[in-house]
Amino acid sequence: MTTKPMIKKTLEKKLMLVNLLAFSLASFFAVALIVSYLWMTARTDLLRNTEIVAQVIAQNSAPAFLFKDAKAAQEVVRALAQDTNVLAGELRYPDATLFASYVRPVSPDQPWQISDAPETTPLQTVESRFYSRYLIVNTPVMAEEQQVGSLQMHVDLTATYQRIAGLVTVIVLATLAAVLLAGRLLKRYLRRILNPIQQLVLLMQEVSGNDDYNQRALIPTDDEIGTLGESFNFMIEQIQRRDMAIGKELVERKRAEIQLDHIAHYDSVTGLPNRHFFNRRTRELEHRAKNSAKFGLLFIDLDNFKYVNDTFGHRVGDLLLIAVADRLQKTLRSNDLVVRLGGDEFAVLLDNPKSTDDALRLAEKLLALLSQSFLCEIHEFNVGASIGVAMMPDHVSTFEDLLSSADAAMYEAKAFGKNNVQLWKPAMSKRTLQRFTIESGLRKAIENAELEVYYQPIMELATNKVAGMEALLRWKHPSLGFVSPAEFIPIAEESQLIVTIGEWVLHQACTQIKRWEQQFGPLFVAVNVSARQFRQPGFADSVERIARENDCPPHLLELELTETMLMSQTAETLAILTDLSSRGFKLSLDDFGTGYSSLAYLKRFPIHKLKIDRSFVSDLPDDKDDAAIAQAIVSLSNHMDMRVVAEGIETREQAEFLRGLDCTYGQGFLFSKPLPAPQCADFVEQNLRPALST
């Protein structure tokens, strides 16, 4: 019961303090206002009375000034002795010479002396100045509208101060008495207010401590405290009603928590633990890992699952995932953990494997099982898998690194042609990190202005003059430096960044085409198009929009395609190519002779130009086979009314041989390496020719 006085006294003191403080502040301001008023009133009265006396004395002393009667002047100024507040008075001529004076005798402890500094400026009006202890009033003595002298009076303020001090003392004492009386009254009324509140506090403690919801507050007042008591009673009734349902609700909540935990940590398709479960499990095993326990991780990626999912639908794909999970679970030991990381990726955590060889043998066994056909409904699939293996602590010291290392080894298995097992090596993680760095850097490359389009001149072999350019993308990474297109272009294609990058290159090329046309006349620019970009819906519309936005003539923009792109989905490909050609864009077949080289397809497609691959040019003119291939391509192109561009020309002999074959264009380091746009413009300036049709 120690809380009763503590709560009551604390609240009472707070309310007392607040109210008394407010009352005291109000009283203080009232006293200050009254004192200010008394001071201003006393000062005004004193000043007015003094000025009246000064004017009377000045008026009476005017004849004495006119007749220079010092005795009469002295009698006039001595009349100031009748006012006990006047300390001194002086009559002076206009030149400040003393005419007559009066000084009241004072006691030794109150010395008084008239200032020796006379007024030097003649006064035209009454002038008054207050000081800390006295008042000085200067009054001109006028005769016949001219000043004949001046009167200076010194008035003592002590009596005024004493009168005000007495009044202030009475006011302060009255205020203190009012504060004390208010405090006593306030304390009495506060107790009447706080007692019902204290009853509520005790009742709440009893209800909460004993769970006795039959208690009710009895507060007869009809004010806010009475309303509080009614609200408290209503609250107890509500709690009492809900108390019966709490147990059931807790049971339901527990069941829901278990269900949510299962959803959060188990895969909804296969029923296997998911990545969250894997992370939680590895955190639980960290103490064993620190005590040199061994673990192995098999990172499994199904090789052809995407084909099954895209072709037969997600339902069949889910059935395949369930079958894969079933095979994995039946093969592993009870203390091993198999999880579905997401998509078609699985992981097997081996608990304390005997050796790395045992882990590899298990991986090979799983690979053989997954290579066997799966029957899903009426469909039979052979998917295979790529498996990466990493060990702890042999390879890494943390589970996080174990997962990333096994992932890197899996990508290495993919690179080795899929359907194989690879054991992690340090170089694998380095390649994976490099790949991640490149992909993440590509996402910001355009925004950070790291990409640049270089242009390699394409020469007309007959005249050895510039006919056009090939746009080649270059990327200078802030930390990696120049990254080879052979390294970042495949990553861009896999991550679909190639679509955004391809559009940016088209914008740059179209802008440059227009600029060079105005400067040099028509020069075509060839731009490589990726397969993913080519297959984007509305690709032809996108190219036309970009050309129109940059005011680029369509016939000067040449789109370079590969044979592989043309030979897949030929009906759709033919429709896109025909659409592009009808809009005025030129189409070029890159690396001709290295792919399918089907003349039947070549005849069907609206191709305007063929490019002889550099592999057929590098050994010219000495290699007879390459010479025959080059001659056949040039002859075929001429008969089909196509232009030919020979790539990779590095020697004069190669250029002369191709010129002799009637090859239209040449491109290579013999003429120029790829150049930034400003340097390429300088090259064009030096090797310009009248524009030819392309």
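All figures in this text were calculated on a predicted structure; none of them were measured in a lab.

Asks: Any details on the packing of aromatic side chains? Residues and values, ideally.
Replies: Here a ring pair, both rings aromatic, is described through the centre-centre distance and the interplanar angle of the planes. All told, the structure shown has nine aromatic pairs when counted by the stated rule. Relative to Phe 99, the ring of Tyr 93 lies with its centre 4.8 Å away and its plane at 45°, an arrangement referred to as tilted. The residue whose ring lies beneath Arg 327 is Phe 374, and the NZ or CZ to ring-centre distance is 3.6 Å. One Lys or Arg, Lys 609, reaches over the ring of Phe 524 and ends 3.7 Å from the middle of that ring.

Asks: Please give an account of the packing of helix α14 (residues 497-520) against helix α16 (residues 539-549) that cites residues and values.
Replies: Two numbers describe how α14 lies on α16: the axes approach to 9 Å, and their chain directions differ by 35°. For the pair α14 and α16, the sense of crossing is right-handed. Only Ser 542, Val 543, Arg 545, Ile 546, Ala 547 and Glu 549 of α16 make contact with α14, whose side of the interface consists of Glu 503, Leu 506, His 507 and Cys 510.

Asks: Give me the side chain of Asp 590: which residues, what numbers.
Replies: Relative to the helices and strands, Asp 590 resides in strand β18 (residues 586-592). In contact with Asp 590, other than residues within four places in its own chain, are Asn 528, Glu 560, Leu 561, Thr 562, Glu 563, Lys 611 and Glu 647.

Asks: How would you sum up the pairing of strand β13 (residues 451-460)? Please name residues and give values.
Replies: Extensive coverage of β13 is indicated by the burial of nine of its 10 residues. Two elements, β13 and strand β14 (residues 465-477), share 10 bridges in a ladder whose sense is antiparallel. From the neighbouring strand, Glu 452 faces β14, where its bridge partner is Arg 474. Following β13, the chain reverses through four residues before pairing antiparallel with β14; Asn 464 in that reversal takes a positive phi of roughly 60°. In terms of strand pairing, β13 meets strand β22 (residues 675-676) through two bridges, oriented antiparallel. Counterpart to Tyr 454 in the pairing with β22 is Pro 676. Judged from the two bridges that link them, β13 and strand β21 (residues 665-666) form a sheet pairing that is antiparallel. When the sheet's bridge partners are listed, Glu 460 is paired in β21 with Tyr 665.

Asks: Outline the nonpolar core, supporting the account with residue identities and numerical values.
Replies: If you look at soluble globular proteins, the nonpolar side chains tend to sit buried side by side. Ranked by size, the top nonpolar core spans 80 residues in total, and within it Leu 557 and Leu 580 carry the most contacts. Among the elements that take part in this core, α14 stands out by supplying 12 residues, more than any other. Contact partners of Leu 557, with chain neighbours within four places excluded, come to Leu 506, Cys 510, Ile 513, Val 525, Val 527, Val 543, Cys 552, Phe 585 and Lys 586.

Asks: Would you mind going over helix α9 (residues 314-331) in detail, with residue names and values included?
Replies: Its 18 residues give α9 an end-to-end C-alpha distance of 26 Å, which sits within 8% of 26 Å, the value for a rise of 1.5 Å per residue. Residues Val 316, Gly 317, Leu 320, Leu 321, Val 324, Ala 325, Leu 328 and Thr 331 constitute the buried set of α9.

Asks: Kindly report on the pattern of salt bridges, identifying the contributing residues and their values.
Replies: Taken as a whole and assessed by the stated rule, the structure comprises 22 salt bridges. Salt-bridge contacts for Arg 48 lead to Asp 45; the nearest nitrogen and oxygen are separated by 2.8 Å. On the criterion of helical spacing, the pair formed by Arg 48 and Asp 45 is a turn pair, its members being three residues apart in helix α1 (residues 3-60). Using a relative accessible area of 42% as the deciding quantity, one classes Arg 48 as partly exposed. Close ionic contact of Glu 647 with Lys 611 constitutes a salt bridge, the shortest N to O distance being 3.1 Å.

Asks: Describe the pairing of strand β2 (residues 98-103), naming the residues involved and giving the relevant values.
Replies: Consecutive residues of a regular strand have side chains that alternate between opposite faces of the sheet. Direction of pairing for strand β1 (residues 86-92) relative to β2: antiparallel, over a ladder of five bridges. Among the inter-strand pairings, Ala 88 is bridged to a residue of β2, identified as Val 103. Hairpin connection of β1 to β2: five residues between the antiparallel strands, including Ala 96 at a positive phi of 80°.

Asks: Tell me what's going on with the environment of Leu 297, and back it up with residues and numbers.
Replies: With respect to the helices, strands and loops of the structure, Leu 297 is situated in strand β6 (residues 295-302). Once the C-alpha coordinates of Leu 297 and Leu 349 are considered, the two residues, 52 residues apart in sequence, prove to be 4.7 Å apart. Other than its neighbours up to four places away in sequence, Leu 297 contacts Phe 278, Ala 347, Val 348, Leu 349, Gly 388, Val 389, Ala 390, Leu 402, Leu 403 and Ala 406.

Asks: Summarise the environment of Lys 290; cite the residues concerned and give the values.
Replies: In this structure, Lys 290 sits in helix α7 (residues 286-290). You can call Lys 290 exposed: its relative accessible area is 70%. Expressed as a C-alpha distance, the spacing of Lys 290 and Pro 393, which sit 103 residues apart in the sequence, is 9.4 Å.

Asks: Go over the sheet that holds strand β7 (residues 337-342) with me, naming the residues and quoting the values.
Replies: The sheet built from five strands is open, its strands ordered β7-β8-β6-β11-β12 with mixed pairing. Whereas interior strands pair on both sides, the edge strands pair on one side only; in this sheet they are β7 and β12 (421-423). Taken pair by pair, the neighbouring strands of this sheet meet at an average axis angle of 20°, ignoring direction. Where β6 meets strand β8 (residues 345-351), seven bridges bridge the pair, whose relative direction is antiparallel. Within β8, the residue paired with Ile 300 across the bridge is Phe 346. Across the sheet, helix α6 (residues 275-284) lies against β6, β7 and β8, angled at about 135° from β7, the strand it touches most. Along the sheet face, helix α10 (residues 356-371) touches β6, β8, β11 (385-392) and β12 and points at about 165° away from the line of β11.

Asks: How would you summarise the side chain of Gln 654 if you had to cite specific residues and measurements?
Replies: Here Gln 654 lies in helix α21 (residues 652-660). Non-local contacts of Gln 654, meaning those with residues more than four positions away in its chain, are made with Val 617, Ser 618, Leu 620, Gly 648 and Ile 649.

Asks: Which residues make up the confidence of the model for the protein, and what values do they have?
Replies: The pLDDT averaged across the protein works out to 81; a share of 84% of its residues lies at or above 70. Here residues 1-7 scores under 50 on pLDDT; set against residues more than four positions off or in separate chains, the count is seven contacts. For residues 115-124, every residue scores under 50 in pLDDT, and the model assigns this stretch 16 contacts once sequence neighbours within four places are set aside.

Asks: A description of a positive patch on the surface should follow, citing residues and the corresponding values.
Replies: A cluster of basic residues, Arg 184, Lys 187, Arg 188 and Arg 191, forms a positive patch on the protein surface. Structurally, the position occupied by Arg 191 is in helix α4 (residues 158-210). Using a relative accessible area of 39% as the deciding quantity, one classes Arg 191 as partly exposed.

Asks: Explain α10 to me, and be specific about the residues and the numbers.
Replies: Compared with an ideal rise of 1.5 Å per residue, which puts 16 residues at 22 Å, α10 spans 22 Å between its outermost C-alpha atoms and is within 8% of the ideal. Buried residues in α10 make contact with β6, α9, β8, β9 (374-376), β11 and β12.

Asks: I'd like a description of the packing of α14 against helix α22 (residues 677-686), backed by residues and values.
Replies: Axis separation between α14 and α22 bottoms out at 12 Å; the angle between their running directions is 30°. One finds that α14 runs roughly parallel with respect to α22. Relative to α22, the crossing made by α14 is right-handed. Judged by residue contacts, Gln 512, Trp 516, Gln 519 and Phe 520 of α14 engage Ala 677, Cys 680, Ala 681, Val 684 and Glu 685 from α22. Taken together, the residues that form the contact of α14 with α22 break down as six nonpolar, two polar and one charged.

Asks: Before we move on, can you summarise unusual backbone geometry with the specific residues and values?
Replies: Note the cis peptide between Met 392 and Pro 393, where omega equals 15°. Secondary-structure assignment places Pro 393 in the loop between β11 and α11 (399-415). Look at the link from Leu 620 to Pro 621: it is a cis peptide, with omega at 0°. Structurally, Pro 621 is set in the loop between β19 (609-612) and α20 (624-639).

Reading the values: the criteria
- Residues numbered from 1 in each chain as written.
- Predicted model: local features only at pLDDT ≥ 70, side-chain atom pairs only at ≥ 80, totals over all residues.
- Heavy atoms only, no water.
- Phe/Tyr/Trp six-rings, centres within 6.5 Å; stacked < 30°, edge-to-face > 60°.
- Lys NZ or Arg CZ within 6 Å of the ring centre and 35° of its normal.
- Axes fitted to C-alpha atoms, helices over the stretch in contact; angles between N-to-C directions.
- Helix = DSSP H or I, 4+ residues; strand = E, 2+ residues; numbered from the N terminus.
- Left-handed = near helix turned anticlockwise from the far one by under 90°.
- Contact = heavy atoms within 4.5 Å.
- Buried < 20%, exposed > 50% of the residue type's maximum accessible area, 1.4 Å probe, protein only.
- Pairing = 2+ DSSP bridges.
- Core = buried A, V, L, I, M, F, W, Y, C linked by side-chain atoms within 4.5 Å.
- Expected span 1.5 Å × (residues − 1).
- Salt bridge = Lys/Arg side-chain N within 4 Å of Asp/Glu carboxyl O.
- pLDDT = per-residue confidence, 0-100.
- Patch = residues over 30% accessible without salt bridge, like charges linked within 9 Å, V, L, I, M, F, W, Y side chains within 5 Å.
- Areas by Shrake-Rupley, 256 points an atom, 1.4 Å probe, with all protein chains shown as cover.
- Lys, Arg positive; Asp, Glu negative; His and termini not counted.
- Charge placed at Lys NZ, Arg CZ, Asp CG, Glu CD.
- Parallel < 35°, antiparallel > 145°, perpendicular 65-115°, else oblique.
- Nonpolar A, V, L, I, M, F, W, Y, C, P; charged D, E, K, R; others polar.

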